[in-house]
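# Report on the structure
What follows is the residue order along each chain.
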Amino acid sequence: MTTQPARAVVIGGGIGGLAAAAALHQRGWAVTVLERAPSLEPVGAAISLAPNALRALDVLGIGDEIRDLAAWQGDGGLRAPGGRWLSRSSAEAAAARFGGPLVLLSRATLVGRLAALLPPGALRTAATATLADPGDRTRPARVTVTAAATGRPRPARAAAGAEELEAELVIGADGVHSRVRRALFPGHPGAVYAGFTTWRMLIPLPGTEFASHETWGRGHIWGTHPLKDGRVYAYAAATAPAGAHAPDDERAELLRRYGDWHHPVPAVLAATRPEDVLRHDVHHLAQPLPACHLGRTALLGDAAHAMPPTLGQGGNQAVEDAVVLAHHATDLPAYTADRLPRTTAIARQAVRVARLNMAGGRVVTTVRNAVLTALSATGPALFLRGFDGIANWRPPYASGRQPAGQR
């Protein structure tokens, strides 16, 4: 008699959801990924992967090929808007401190590579999913998928216009405004505005040389980093009212805010078209969740612990979540015990860093910059020290197939 593999339904086809599906597939689960967008077109231009996330990708077997995309060489660090270096380090120093490189790559590249790890037919786009029942030890979880979104025939037992999927495990990987999270923890306040907005660009910039950097101004941040494919990833952040938008276009807004900052900022803006600029307000979970799971349903990534991007760890923690969840798929309380303390601590650190680098007062900014310079003169660059305990994480187990099922 053939034993059917345990079933897992992943709601959300972003980086964390795809990584979790790939990790579960490797362990013998039958996986279905439901993505409500019509295609896997990732929001955001690029993503920075620290050694902790790269080690998680090693579990999936793609860590080394992603490491090969590392482009940062030589010096880099923190600068002031006029160009003065506040803190300097190098790619070599970062790799030596954390046992591996920092890799910047386009989100589309990473999403495509993760999707390629899934079996045929596992990914369903244009599929709007709702958690109908989180399940428990005596019954499977249930997910409702609208038939209008999937275009698939409706099973007789499902409500009109919808089909129903049952699974031994459901994963909510549906982002900062997660509907799965609201269903599991309706009393939680959810995501709140962090007080600042961000812009992102991924553009070609031939013939312009610069050291990889992040620049801190008064209530403003700018970063410029090269990718191995020759493009440049640039981002900016500024304090602003929630929901605000430029009166003309976002490129013009960036010119007003950053046009007189140091090289290569003016060159980046000159090469940027209005349609190249993505703008998004930053929201985070100021109050941690009581758990990362309920019944047979688990949360990962922004759905579980949305944090400000000031440590660049949002996507990194989602990839960590994915491989840890696959390891604990039959024991979700163990997943919560493994992930909740770590992600809560990192999210709180990201909030503290946001308060520091988004400081807007002249006196506070002057003191901050002086302290950064002094501290960096006495040891490793401060931004490297900020990754201690984060970037040196290693999966506490090896990858491999194992029997799947809910205990």
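Here we summarise the structure given alongside this text. Everything numeric in this text was worked out from a predicted model, so none of it was measured.

Here we come to the overall build of the protein chain. Assigned secondary structure in the protein chain consists of 14 helices and 18 strands. Seen along its three principal axes, the alpha-carbon backbone of the protein chain occupies a region of about 70 × 45 × 40 Å. Residues classed as buried in the protein chain amount to 53% of the 407 residues present. Counted over contacts in the protein chain with a minimum sequence separation of 6, partners at least 24 positions apart contribute 72%. Accessible surface for the protein chain amounts to roughly 17000 Å². Of this, 55% is attributable to carbon and sulfur atoms.

Right, let's talk about the sheet that holds strand β17 (residues 293–294) for a bit. Spatially, 6 strands are ordered β7-β2-β1-β11-β18-β17 in an open sheet, and the strand pairing comes out mixed. The sheet is open, and its two borders are formed by β7 (123–124) and β17, each paired with just one other strand. Across 2 bridges, the pairing between β17 and strand β18 (residues 297–299) is antiparallel. Bridge pairing in β18 links H293 to A298. Here helix α12 (residues 332–357) sits on the sheet in contact with β11 (169–172), β17 and β18, set at roughly 15° to β18.

Another aspect to go through is the sheet that holds strand β14 (residues 220–226). Pairing in this open sheet of 7 strands is mixed, and the strands run β5-β4-β13-β14-β15-β12-β16 from one edge to the other. Each of the sheet's edge strands pairs with one partner strand only, and the pair in question is β5 (85–90) and β16 (278–284). On average, each strand axis in the sheet is inclined to that of its neighbour by 15°, with strand direction left out of account. The sheet contact formed by strand β4 (residues 75–79) and strand β13 (residues 212–216) spans 4 bridges and is parallel.

This part covers the packing of aromatic side chains. Following the criterion strictly, the structure yields 5 aromatic pairs and no others. Where W222 meets Y258, the ring centres are 5.3 Å apart and the plane angle is 50°; that geometry is what we call tilted. Taken together, the residues span a long stretch of sequence, with W222 in strand β14 and Y258 in helix α8 (residues 250–258) at a distance of 36 residues. A relative accessible area of 0% means that W222 is categorised as buried. One aromatic cluster is present, built from ring pairs that chain together W199, W222, Y258 and W261. When the ring centre of W85 is taken as origin, the NZ or CZ atom of R88, which lies over that ring, is 4.3 Å away.

With that settled, the discussion passes to the environment of G61. Structurally, G61 can be placed in the loop between α2 (51–60) and α3 (63–67). Separated by 56 residues in sequence, G61 and L117 have C-alpha atoms that sit 9.4 Å apart.

So, about the pattern of salt bridges. Inspection of the entire model under this criterion finds 21 salt bridges. Across the pair D229 and R231 runs a salt bridge whose closest N-O atoms are separated by 2.8 Å. The class for D229 is partly exposed, based on a relative accessible area of 48%. R231 gets classed as partly exposed once you look at its relative accessible area, which sits at 28%. Linking R273 and D276 is a salt bridge whose minimum nitrogen-to-oxygen distance equals 2.8 Å. By relative accessible area, which is 47% here, R273 ends up partly exposed. Counted as one network, the salt bridges with shared partners bring together D133, D136, R139, R142 and E164.

About the criteria used
Residues numbered from 1 in each chain as written. Predicted model: local features only at pLDDT ≥ 70, side-chain atom pairs only at ≥ 80, totals over all residues. Heavy atoms only, no water. Helix = DSSP H or I, 4+ residues; strand = E, 2+ residues; numbered from the N terminus. Buried < 20%, exposed > 50% of the residue type's maximum accessible area, 1.4 Å probe, protein only. Contact = heavy atoms within 4.5 Å. Areas by Shrake-Rupley, 256 points an atom, 1.4 Å probe, with all protein chains shown as cover. Pairing = 2+ DSSP bridges. Axes fitted to C-alpha atoms, helices over the stretch in contact; angles between N-to-C directions. Phe/Tyr/Trp six-rings, centres within 6.5 Å; stacked < 30°, edge-to-face > 60°. Lys NZ or Arg CZ within 6 Å of the ring centre and 35° of its normal. Salt bridge = Lys/Arg side-chain N within 4 Å of Asp/Glu carboxyl O.

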